[in-house]
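# Secondary and tertiary structure notes
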Amino acid sequence: MSDPILLAVLGDPIGHSKSPLIHQAFANTCGLSIDYQAIHCPKADLEKTLKELYAAGALGLNLTVPLKEAAISFCESLSPQAQRAGSVNTLIRGDRGWTGDNTDGAGLVDDFRAKGINLDQARLLVIGAGGAVAGVCGALLDAGVARIAVMNRTYERAKVLCDRFNDARLMAMSNPPLDSPLDSGLPFDVLIQATSVGHSQQRPHLNPDWLRAEGTVYDLNYGPAHVPIAQWAETHGFRVTDGLGMLVRQAQLAFHQWTGKLPEIEPVYERLRKGLTST
Ligand code: ATR
């Protein structure tokens, strides 16, 4: 019998990662034998760890906080998605080193489609301007949205992010949005919550008037961090979804890059969903 395929996720911290569970479930579905490790890797150890895993024959890696941007400089090539995002969540073994890709944006767009949320000509309001937003904007633009307004606690960070994409549909928006140009997109069809504030059981400042009636709130968080925004959305009658679907779909796309197989996501999605609701 051949050795299991060596895969890993690197991050700091790493204990919370659901990637080992997800990829093991994918491998089981596809009848593949994998050894998917969760490796605690501070930023200072990244270059060394990437070299060691390559030498050990690893076929692919995932990267999570805080390594997604830093890993760019240790890739021998980048996919257009990774280049545009300025960050990588997936590394694929190449002949001479790692190829960097970013499947976060495609995972998010796939999840919108699966949930029947139309992106064609949609007006999106994104709250937050960190790495998560940089990772998904390219795919959202490619999906044919009419407008992405990025609102962030630190306006300048939103401005820098939007300028980098150089697409007239993407604009930084001040808070309150009344200071913004009239063509900002108000009221929006979809609000994407992409700040990290949910982890302190809070939500960013929001005004229900920013979203049209029956609009959708898509939170990139899941689990306890999703609760404050879910409560806000439900109070105001908006449809709300957490980021679990995106998590599983970005993993599915990474798994496909490594193995050529596209496993079904429902069994592991349901398992994670049950785990979240039973705790
Ligand atoms: P990620 O890579 O997950 O996007 P990040 O780069 O640390 O993480 O970005 C976190 C985002 O949450 C930022 O948009 C941050 O706003 P600032 O750019 O102003 O820091 C936002 N954020 C964090 N805490 C917040 C809070 N208490 N209120 C509003 N926004 C907050």
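Let us now look at the sheet that holds strand β3 (residues 60-63). Strand order in the open sheet formed by six strands is β2-β1-β3-β5-β6-β4, and the pairing between neighbours is mixed. Lying at the two open borders of the sheet, with one neighbouring strand each, are β2 (34-40) and β4 (77-78). Pairing analysis gives three bridges linking β3 to strand β5 (residues 90-93), with the strands arranged antiparallel. Counterpart to G60 in the pairing with β5 is I92. Where helix α1 (residues 19-30) meets the sheet, it contacts β1 (5-11), β2 and β3, and its direction lies at approximately 175° from that of β2.

Here we take up the site of the ligand. The full set of residues close to the ligand is G128, A129, G130, G131, A132, N152, R153, T154, R157, T195, S196 and V197. Here an oxygen atom of the ligand sits 2.9 Å away from a polar atom, N or O, in the main chain of A129. In the environment of the ligand, an oxygen atom lies 3.1 Å from a nitrogen or oxygen atom belonging to the backbone of A132. When its residues are assigned to classes, the shell around the ligand shows three nonpolar, seven polar and two charged.

Below, the discussion takes up the sheet that holds strand β11 (residues 211-219). The six strands are arranged β9-β8-β7-β10-β11-β12 in an open sheet whose pairing can be described as parallel. Of all strands in the sheet, those with a lone pairing partner are β9 (170-173) and β12 (239-241), marking the two edges. Sheet twist, expressed as the mean angle between neighbouring strand axes with direction ignored, is 20°. Note that strand β7 (residues 123-127) and strand β8 (residues 147-151) share five bridges and pair parallel. Paired with L124 across the bridge in β8 is I148. With respect to the sheet, helix α6 (residues 155-165) is in contact with β8 and β9, its orientation differing from that of β9 by roughly 170°.

What counts, and at which threshold
Here the residue numbers are simple positions, counted from 1 along each chain's written sequence. The model is predicted, so local features are restricted to residues of pLDDT at least 70 and side-chain atom pairs to those at 80 or more, both for listing and for counting; the totals for chains, interfaces and linings are taken over all residues. Where side-chain values are given, they derive from all heavy atoms of the structure, hydrogens and water being excluded. Following DSSP output, two strands are said to pair if at least two bridges run between them. Runs of E in the DSSP output that reach at least two residues are strands. Runs of H or I that reach at least four are helices, and both are numbered from the N terminus. Residues are treated as being in contact if the distance between any of their heavy atoms lies within 4.5 Å. Axis lines are fitted through C-alpha atoms, for helices just across the contact stretch, and the angle between N-to-C directions can take any value from 0 to 180 degrees. Whether a residue is near a molecule or strand is decided by its heavy atoms; if any one of them lies within 4 Å of it, the residue is near. Definition of a polar contact: a pair of N or O atoms within 3.5 Å, with one able to donate and the other able to accept a hydrogen when the atoms are protein atoms, and with sequence-neighbouring residues admitted only if both atoms are side-chain atoms. Gly is placed with the polar residues, together with every amino acid not listed as nonpolar (Ala, Val, Leu, Ile, Met, Phe, Trp, Tyr, Cys and Pro) or charged (Asp, Glu, Lys and Arg).

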